[in-house]
Amino acid sequence: MDFFNSLLGDILDRFRTAGAGAKVDSWFGTGSNDPIEPRDVEMAIDEETLTALSTQTGLSREELIARITRDLPEAVNKMTPNGELPVEPTQGSEKTLLDDVAPPTTQARNPAGQSEV
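In this report, we go over the structure that sits alongside the text.

Criteria and thresholds
Residue numbering note: each chain is counted from 1, following its sequence as written. Totals for whole chains, interfaces and linings use every residue, but because this is a predicted model, local features are given only for residues with pLDDT of at least 70 and side-chain atom pairs only at 80 or more, for both listing and counting. The basis for every side-chain value is the complete set of heavy atoms in the structure, and neither hydrogens nor water enter the calculation. The helix and strand labels rest on DSSP assignments: H or I over at least four residues marks a helix, E over at least two residues marks a strand, and numbering proceeds from the N terminus. Think of it in three bands: with a 1.4 Å probe and only protein chains considered, a residue is buried below 20% of the maximum accessible area for its type, exposed above 50%, and partly exposed in between. Contacts between residues were defined by any pair of non-hydrogen atoms, one from each residue, lying within 4.5 Å. To get an axis, a line is fitted to the C-alpha atoms, and for a helix only the part in contact is used. The angle between two axes follows their N-to-C directions and goes from 0 to 180 degrees. Reported orientations rely on four angle classes, namely roughly parallel under 35 degrees, roughly antiparallel over 145, roughly perpendicular from 65 to 115, and oblique for the rest. We call Phe, Tyr and Trp rings a pair once their centres come within 6.5 Å, taking the six-membered ring for Trp, and we label the pair stacked below 30 degrees between planes, edge-to-face above 60, and tilted otherwise.

Within the secondary structure, Gly-21 is located in helix α1 (residues 3-26). Accessibility expressed as a relative area gives 16% for Gly-21, which makes it buried. Contacts of Gly-21, omitting those with residues within four sequence positions, involve Phe-15 and Arg-16.

In contact at an axis separation of 9 Å, helix α3 (residues 47-57) and helix α4 (residues 61-79) are set at 100° when each is read in the N-to-C sense. Taken as axis vectors, α3 and α4 run roughly perpendicular relative to one another. Every residue of α4 that contacts α3 at Glu-47, Leu-50, Leu-53 and Ser-54 is listed here: Arg-61, Leu-64 and Ile-65.

Turning to the environment of Val-76, a few remarks are in order. Summarising the element assignment, Val-76 is placed in helix α4. A relative accessible area of 1% places Val-76 in the buried class. Among all residues touching Val-76, those that are not within four sequence positions of it are Leu-8, Leu-12, Trp-27 and Phe-28.

Right, let's get into the packing of aromatic side chains. One pass over the structure, following the stated rule, counts one aromatic pair. When the ring of Phe-15 is compared with that of Trp-27, the centres are 6.4 Å apart and the planes differ by 70°; the resulting orientation is edge-to-face. Linking Phe-15 in helix α1 with Trp-27 in the loop between α1 and α2 (38-44), this pair joins segments that are twelve residues apart in sequence. Residue classification places Trp-27 among the buried residues on the basis of a relative accessible area of 0%.

Pasting the structure below:
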């Protein structure tokens, strides 16, 4: 399993652990997708992670949670038409939930290879 699937699996496990397992399971395969509520997101994703995502995306905490509640069920549904996480990340032109999350920055290194702080 690659990093992307591991990350998505971790997120889905957090929702299951927080009591939204039946909702998460409805997103896999065909059929209707049960919605999640902002309180589901707040139960599944710790405050530190929400704050970091908010900072990285430039979205307010409320907008971040709104996007997760709106986009996550459909994103998982589209990625799992056979009821399983894909082997490779899907490619497409549609915007996904994580598109607004900035990649981690790397520290600049001087010519001697040491980090500049």
